[in-house]
Amino acid sequence: VQLQASGGGLVQAGGSLRLSCAASGRTFSNYYMGWFRQAPGKEREFVAGISWIGGSTYYADSVKGRFTISSDNGKNSVSLQMNSLKPEDTAVYYCAGDIKLITKTSLSKDIDYWGQGTQVTVSS
């Protein structure tokens, strides 16, 4: 699976951004998708995940209520709508794909596939 992320940028606190991730390669529907982020000097952490079956979604407590993950199976893509952004959301965001469901207990070291990362910077 190849993952191509896009949509990062610079935004003021309280603003919004939308990230997208397009997947190609192996049978996309066999994999679960999600987003992680990594701030300078910190470990890569789970942000959001989605299940193709039933569309169940999972969020880190720090983004719940502000971020929304969605998928478009027809386009083999997943998006992350980020609202009410805070300076602490500043990080490189990575699209992730795995044979296992991606949830708040998922560890970055166990993820099978990564996109190239896109920078999100939130100014105060």
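Provided above is the structure to which this section pertains.
Worth saying up front: this structure is predicted, and the values here are computed from it rather than measured.

**Overview of the sheet that holds strand β7 (residues 67-72)**
Read from one edge to the other, the open sheet built from four strands follows the order β1-β3-β8-β7, with strand pairing classed as antiparallel. The open sheet has two free edges, formed respectively by β1 (2-6) and β7, since each of these has just one partner strand. Within the sheet, the average angular offset between the axes of one strand and its neighbour, ignoring direction, is 15°. By the bridge criterion, six bridges tie β7 to strand β8 (residues 77-82) in an arrangement that is antiparallel. For I69, the partnering residue across the bridge sits in β8 and is L80.

**Focus: the pattern of salt bridges**
As enumerated under the stated definition, the model contains seven salt bridges in all. Note that D89 and R37 form a salt bridge whose closest N and O atoms lie 2.9 Å from each other. Linking D89 in the loop between β8 and β9 (91-98) with R37 in strand β4 (residues 32-38), this pair joins segments that are 52 residues apart in sequence. Residue D89 shares its accessibility class with R37, and that shared class is buried. Here K64 and D61 are joined by a salt bridge, their closest N and O atoms 3.6 Å apart.

**Thoughts on the nonpolar core**
For soluble globular proteins, the rule of thumb is that nonpolar side chains tend to be buried together. Within the largest apolar cluster, 35 residues are counted, with the highest numbers of intra-cluster contacts made by W35, L80, M82 and Y93. Here M82 is in contact with G15, S16, L17, L19, R66, F67, Y93 and V120, once residues within four sequence places are set aside.

**Focus: the state of the cysteines**
Within this structure, the stated rule accounts for one disulfide. The partner cysteine of C21 in its disulfide is C95, sulfur to sulfur 2.0 Å. Here the disulfide of C21 and C95 is left-handed, its torsion about the S-S bond being about -80°. Of the two residues, C21 is situated in strand β3 (residues 17-24) and C95 in strand β9; the sequence distance between them amounts to 74 residues. Across the pair, exposure class does not vary: C21 and C95 are buried alike.

The rules behind the values
All residue numbers refer to positions counted from 1 along the written sequence of the respective chain. In keeping with the predicted nature of the model, local features appear solely for residues at pLDDT of at least 70, side-chain atom pairs appear and are counted solely at 80 or more, and the whole-chain, interface and lining totals rest on all residues. Excluding hydrogens and water, the side-chain values take into account all heavy atoms of the structure. For two strands to pair, DSSP has to find at least two bridges joining them. Helix and strand definitions follow DSSP, with helices as H or I runs of at least four residues and strands as E runs of at least two, each counted in order from the N terminus. Whenever a helix is involved, its axis is fitted only over the stretch in contact; in every case the axis is a line through C-alpha atoms, and angles between N-to-C directions fall within 0 to 180 degrees. A pairing counts as a salt bridge when a side-chain nitrogen of Lys or Arg comes within 4 Å of a carboxyl oxygen of Asp or Glu. Here the term buried applies to any residue with accessible area under 20% of the maximum for its type, exposed to any over 50%, and partly exposed to those in between, with areas from a 1.4 Å probe on protein chains only. The set of buried Ala, Val, Leu, Ile, Met, Phe, Trp, Tyr and Cys residues whose side-chain atoms join them within 4.5 Å is what this entry labels a nonpolar core. Contacts between residues were defined by any pair of non-hydrogen atoms, one from each residue, lying within 4.5 Å. The disulfide criterion is simple: two cysteine sulfur atoms within 2.5 Å.

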